[in-house]
Amino acid sequence: MQQYSIREISDMFHLPVSTIRYYEESGILTNIGRTASGQRIFTEGHVSRLRTICCFKHTGMTITQLKLFFSYESEEFEHLNDILALLQERKKSVAEQIKQLQGDYAHVLRKLHYYKDIKKSLLGSQPLPQWKDYQYKVYSSDE
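Below you will find a few notes about this structure.

Calculation rules
Residues numbered from 1 in each chain as written. Predicted model: local features only at pLDDT ≥ 70, side-chain atom pairs only at ≥ 80, totals over all residues. Heavy atoms only, no water. Buried < 20%, exposed > 50% of the residue type's maximum accessible area, 1.4 Å probe, protein only. Helix = DSSP H or I, 4+ residues; strand = E, 2+ residues; numbered from the N terminus. Arc of directions from axis to C-beta. Contact = heavy atoms within 4.5 Å.

## Overview of helix H1 (residues 6–13)
Line of reasoning, step 1. Here H1 has its buried residues at Ile-6, Ile-9, Ser-10 and Phe-13. On an axial view of H1, the arc spanned by its buried residues comes to 105°, and they lie on one face.
Line of reasoning, step 2. Those residues of H1 that are buried are in contact with strand E1 (3–4), helix H2 (17–26), strand E3 (40–43) and helix H3 (44–58).
Line of reasoning, step 3. Phi for His-14, located one or two positions after H1, is positive at around 55°.

Structure representation (structure tokens):
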């Protein structure tokens, strides 16, 4: 069975060691073994759990919600509806985040085109662009 040190897990997930310890203290990363000298020993099961934690954290799930999810998951047949409700809420939240990011990305593209055109105008003999001509334009890329 593959085993990992806390440093290896930290490097694998690009997480500070303190965050991994916090996940353990908060009860969302459980059953961590120890060496005779007290160093933590992580297994593939911990790697799998951390993948889930990181994924859900990136979607905005709180530690409290993670605790709830993992408590439901430990008795999944009894809490199937609870799990589905929690994941449906997460799905809705992620969809809203994506929509917001798409709008923000579109605005960044408009600004990028606008300022590139200002630069072109300053280098050439074209008139300076006006923001009103860009603020509702749709660009498919920044080029």
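## Things to note about the environment of Tyr-72
Line of reasoning, step 1. Secondary-structure assignment places Tyr-72 in helix H4 (residues 63–74).
Line of reasoning, step 2. Overall, Tyr-72 belongs to the buried group, its relative accessible area being 15%.
Line of reasoning, step 3. As for Tyr-72 and Asp-82, which are separated by 10 residues in sequence, their C-alpha atoms are 7.1 Å apart.
Line of reasoning, step 4. Residue contacts for Tyr-72: discarding those within four places in its chain leaves His-79, Asp-82 and Ile-83.

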